[in-house]
Amino acid sequence: NAGVTQTPKFQVLKTGQSMTLQCAQDMNHEYMSWYRQDPGMGLRLIHYSVGAGITDQGEVPNGYNVSRSTTEDFPLRLLSAAPSQTSVYFCASSNDHNQPQHFGDGTRLSIL
Amino acid sequence: QQQVKQSPQSLIVQKGGISIINCAYENTAFDYFPWYQQFPGKGPALLIAIRPDVSEKKEGRFTISFNKSAKQFSLHIMDSQPGDSATYFCAAWASGTYKYIFGTGTRLKVLA
């Protein structure tokens, strides 16, 4: 059982670079979301999707883009990396919006 | 109104003791309250969850107590073990919002 798979696990970027964090789930879940985790701030929602072709903004969406072309995949794009985006990023999925979320193991991103 | 306030920030408990983590909320529309456990280098994993139509839910050594009138809920870990050492997050969900709101986390250390 793969569950939610995030790649890469670690990444170092320079300010201004762009990159895509990958997230894939094999549970046929409709609801997927991206969070960032920073010390003392818990998990903050960046973007979420309630199904293929449908995405919406969370609490901290600025500087990030998402798309959902398939049920399985929900990539997160950093358009122009900034040091403030240094964080641990988690992807999660659930079979409905009010059901327990399954998290991946995160991507640790450092922006220099 | 969307915040979930979690305390304490850190907690040290002797093996066999009781660990208690508290959360408070303002939004009366919240209707699902999960607790997540996170080990270093891993994503959060659902531990136990409660809905506001019950005042207590127990699963093994883990119990959620829910006080609807006070808008508070807490996690009790009985007979705490060193393997319980982790970060714990409370969360809240309001139907129709598609958004989980997480507390800031409690780092629990259980001494052997």
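This section reports on the structure supplied with the text.

Criteria and thresholds
- Residues numbered from 1 in each chain as written.
- Chains lettered and ligands numbered in written order.
- Predicted model: local features only at pLDDT ≥ 70, side-chain atom pairs only at ≥ 80, totals over all residues.
- Heavy atoms only, no water.
- Helix = DSSP H or I, 4+ residues; strand = E, 2+ residues; numbered from the N terminus.
- Rg over C-alpha atoms; globule rule 2.2 N^0.38 Å.
- Buried < 20%, exposed > 50% of the residue type's maximum accessible area, 1.4 Å probe, protein only.
- Areas by Shrake-Rupley, 256 points an atom, 1.4 Å probe, with all protein chains shown as cover.
- Lys, Arg positive; Asp, Glu negative; His and termini not counted.
- Charge placed at Lys NZ, Arg CZ, Asp CG, Glu CD.
- Pairing = 2+ DSSP bridges.
- Axes fitted to C-alpha atoms, helices over the stretch in contact; angles between N-to-C directions.
- Contact = heavy atoms within 4.5 Å.
- Buried area = accessible area lost by both parts, 1.4 Å probe.
- Salt bridge = Lys/Arg side-chain N within 4 Å of Asp/Glu carboxyl O.
- Polar contact = N/O pair within 3.5 Å; in protein donor to acceptor, adjacent residues only side chain to side chain.
- Disulfide = S-S within 2.5 Å.

So, on to the overall build of chain A. Within chain A, the regular secondary structure consists of zero helices and eleven strands. Its helices and strands taken in sequence order, chain A reads β-β-β-β-β-β-β-β-β-β-β from the N to the C terminus. For chain A, whose C-alpha radius of gyration is 13 Å, the value lies close to the compact-globule estimate of 13 Å for 112 residues. Across its three principal directions, the C-alpha atoms of chain A cover 35 × 25 × 25 Å. For chain A, the proportion of its 112 residues judged to be buried stands at 50%. About 5,100 Å² of surface is accessible on chain A, with carbon and sulfur atoms providing 49% of the total. Of the charged side chains in chain A, 7 are positive and 9 negative; the average position of the first set lies 12 Å away from that of the second.

With that out of the way, let us pick up the sheet that holds strand β8 (residues 76–78) of chain A. Residues and elements named next belong to chain A. Strand order in this open sheet of four strands is β1-β3-β8-β7, and the pairing throughout is antiparallel. Either end of the sheet is taken by a strand with one partner, and the two such strands are β1 (4–7) and β7 (64–66). Between one strand and the next, the sheet's axes are offset by a mean angle of 20 degrees, whatever the strand orientation. When β1 meets strand β3 (residues 19–25), the two strands line up antiparallel, connected through four bridges. Directly across from Val-4, in β3, lies its bridge partner Gln-25.

Our next topic: unusual backbone geometry. Leaving glycine out, the prevailing phi sign among residues is negative, and the prevailing peptide bond configuration is trans. Omega for the bond connecting Thr7(A) with Pro8(A) falls within 30 degrees of zero, at -5 degrees, which places this linkage in the cis form. Position of Pro8(A) among the secondary structure elements: in the loop between β1 and β2 (10–13). Of note, the amide linkage connecting Ser7(B) to Pro8(B) takes the cis form, showing an omega dihedral of -5 degrees. Tracing the backbone through its elements, the reader meets Pro8(B) in the loop between β1 (4–7) and β2 (10–14). The phi dihedral of Lys71(B) is positive, around 55 degrees, even though this residue is not glycine. With respect to the element layout, Lys71(B) can be found in the loop between β7 (62–67) and β8 (72–77). Taking relative accessible area as the criterion, Lys71(B) reaches 22% and is therefore assigned partly exposed. At Asp79(B), a position not held by glycine, the phi torsion is positive, near 45 degrees. Structurally, Asp79(B) can be placed in the loop between β8 and β9 (86–94).

Quick look at the interface of chain A and chain B now. In this assembly, 22 residues from chain A lie in contact with 18 residues from chain B. The junction of chain A with chain B conceals about 1,800 Å² of combined surface from both sides, 56% of it contributed by carbon and sulfur atoms. Where chain A meets chain B, there are one salt bridge. Asp105(A) is paired through a salt bridge with Lys42(B); the nearest N and O atoms lie 3.5 Å apart. Summed over the shared surface of chain A and chain B, the number is three residue pairs in polar contact (both at pLDDT 80 or more). Of all elements in the fold, only β4 (31–38) and β5 (42–51) of chain A reach the threshold of two or more residues within the side of chain A that touches chain B.

What follows is about the state of the cysteines. All names here are of chain A. Counted by the stated rule, this structure contains two disulfides over all chains. Residue Cys-23 pairs covalently with Cys-91 via a disulfide, S to S 1.9 Å. Between Cys-23 and Cys-91 the sulfur-sulfur dihedral comes to about -70 degrees; the bridge is accordingly left-handed. Taken together, the positions of Cys-23 in strand β3 and Cys-91 in strand β9 (residues 87–94) put the pair 68 residues apart, joining distant regions of the chain. As far as burial versus exposure is concerned, Cys-23 and Cys-91 are alike and both buried.

With respect to the helices, strands and loops of the structure, Arg51(B) is situated in the loop between β5 (45–50) and β6 (56–59). Put simply, Arg51(B) and Phe66(B) are 15 residues apart on the chain and 8.6 Å apart in space, counted from C-alpha to C-alpha.

Residue and element names in this part refer to chain B. Here strand β3 (residues 19–25) shows one buried face, formed by Ser-19, Ile-21, Cys-23 and Tyr-25, and one open face, formed by Ile-20, Asn-22 and Ala-24. Both β1 and β3 contribute to a ladder of four bridges, which runs antiparallel. Counterpart to Gln-6 in the pairing with β3 is Cys-23. Alignment of β3 against β8, held across six bridges, turns out to be antiparallel.

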